[in-house]
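Chain residues, written in single-letter form:
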Amino acid sequence: GRISLRAFGWLVLALTGYSLSDLAVKELVDAVGGGWPGGMTPGGMARAALTGVALNNIFLGLLALPVAVKAPPRRDLLMASAPFALCWMGAMLFLFACFGLLGPVVGNVVQSSRGLMSILISLALAHYGYVHLESRVSGAVWRRRTMAALLMAGAIVLYSLSR
């Protein structure tokens, strides 16, 4: 179907927000760490990424505080979500370090390789019967996924070579 003008406006707003966020991550990591390659060590980049993530999460936590006070979380939900929260925190640390080292444009290009990894992981999950994590799909769907992953890999290579 066609996208409505209102939905398109929301889409543009969301994409603009994501882009500005990526640029802000780079600025934040540079500001708290002194900026790579201006003499910061890899350990310094790790500290800058950790500090940037902490500052970001403190800010977002303060914004969410009014909602959290009205609806305090249940202990069982907190325990069930803890592994996902830890994985998310790790992902954010690596994202901030990636943007700090490579910049937001190259960092996003490198991140697109996760599509290749997700195809390999989903193949393994389906093969070993973890259908509750990855349902079985037809060969045509796998071929389309593989073609999309190969096109993405080619785009990453072309972008890297163009620099």
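Just so you know, these numbers come straight off a predicted model, no measurement behind them.

## Section: the overall build of the protein
So, step 1. Assigned secondary structure in the protein consists of six helices and zero strands.
So, step 2. Reading the helices (α) and strands (β) of the protein from amino to carboxyl end gives α-α-α-α-α-α.
So, step 3. In terms of overall dimensions, the protein is more spread out than a globule: its C-alpha atoms have a radius of gyration of 20 Å, far above the 15 Å expected for 163 residues.
So, step 4. A principal-axis box enclosing the C-alpha atoms of the protein has dimensions of 50 × 50 × 40 Å.
So, step 5. Looking at the protein as a whole, 20% of its 163 residues are labelled buried.
So, step 6. A sequence separation of at least 24 residues applies to 57% of the contacts in the protein between residues at least 6 apart.
So, step 7. When the accessible surface of the protein is totalled, it reaches about 12,000 Å², and 73% of it is carbon and sulfur.
So, step 8. Mean positive and mean negative side-chain charge positions of the protein (13 and 5 charges, respectively) differ by 9 Å.

## Some remarks on the pattern of salt bridges
So, step 1. Applying the stated rule across the entire model yields two salt bridges.
So, step 2. In this structure, the salt-bridge partner of K26 is D30, at a minimum N-O distance of 3.2 Å. Remark: D30 and K26 occur in helix α1 (residues 5-33); sequence separation between them is four residues, near one turn of the helix.
So, step 3. A salt bridge links D76 to R74; the shortest N-O distance between them is 2.9 Å.
So, step 4. Residue D76 is classed as partly exposed on the basis of its relative accessible area, which comes to 45%.

## Some points on the layout of surface pockets
So, step 1. The calculated volume of the largest pocket comes to roughly 570 Å³.
So, step 2. Looking at the largest pocket, it is lined by 19 residues, and the ones nearest its centre are D22, W88, M92, L95 and Q111.
So, step 3. Elements with a contribution of two residues or more to the lining of the largest pocket: α1, α3 (75-102) and α4 (104-111).
So, step 4. Among the elements that line the lining of the largest pocket, the one with the most residues is α3, at nine residues.
So, step 5. When grouped by side-chain class, the residues that make up the lining of the largest pocket number 13 nonpolar, four polar and two charged.

## A few points about the confidence of the model for the protein
So, step 1. Chain-level statistics for the protein give a pLDDT mean of 84 and a share of 93% at 70 or above.
So, step 2. For the protein, per-element mean pLDDT is lowest for helix α5 (residues 114-127), which scores 80, and highest for α1, which scores 91.

## Things to note about the packing of aromatic side chains
So, step 1. Per the stated rule, a full pass over the model turns up zero aromatic pairs.
So, step 2. Over the ring of W142 we find R145, and its NZ or CZ is 4.9 Å from the ring centre.

## Some words on the nonpolar core
Nonpolar side chains in soluble globular proteins tend to end up buried together.
So, step 1. Counting residues in each nonpolar core, the largest one holds 12 residues, listed as V25, V29, M45, A48, A49, V53, M92, L95, F96, A97, C98 and F99.
So, step 2. Those elements that provide at least two residues to this core are α1, α2 (42-70) and α3.
So, step 3. Sorting elements by how many residues they give to this core places α3 first, with six residues.

## Quick notes on the environment of R136
So, step 1. With respect to the helices and strands, the residue R136 is situated in the loop between α5 and α6 (139-162).
So, step 2. Along the primary structure R136 and S122 are separated by 14 residues, whereas in three dimensions their C-alpha atoms are 9.4 Å apart.
So, step 3. Those residues in contact with R136 that sit more than four places away from it in its chain are A126, G129 and V131.

Rules and cut-offs
- Residues numbered from 1 in each chain as written.
- Predicted model: local features only at pLDDT ≥ 70, side-chain atom pairs only at ≥ 80, totals over all residues.
- Heavy atoms only, no water.
- Helix = DSSP H or I, 4+ residues; strand = E, 2+ residues; numbered from the N terminus.
- Rg over C-alpha atoms; globule rule 2.2 N^0.38 Å.
- Buried < 20%, exposed > 50% of the residue type's maximum accessible area, 1.4 Å probe, protein only.
- Contact = heavy atoms within 4.5 Å.
- Areas by Shrake-Rupley, 256 points an atom, 1.4 Å probe, with all protein chains shown as cover.
- Lys, Arg positive; Asp, Glu negative; His and termini not counted.
- Charge placed at Lys NZ, Arg CZ, Asp CG, Glu CD.
- Salt bridge = Lys/Arg side-chain N within 4 Å of Asp/Glu carboxyl O.
- 1 Å grid on protein atoms, 1.4 Å probe; cavity = no way out; pocket = protein on both sides within 12 Å on 5 of 7 lines; lining within 4 Å.
- Points joined across faces, edges and corners; volume = space filled by probe spheres on them.
- Nonpolar A, V, L, I, M, F, W, Y, C, P; charged D, E, K, R; others polar.
- pLDDT = per-residue confidence, 0-100.
- Phe/Tyr/Trp six-rings, centres within 6.5 Å; stacked < 30°, edge-to-face > 60°.
- Lys NZ or Arg CZ within 6 Å of the ring centre and 35° of its normal.
- Core = buried A, V, L, I, M, F, W, Y, C linked by side-chain atoms within 4.5 Å.

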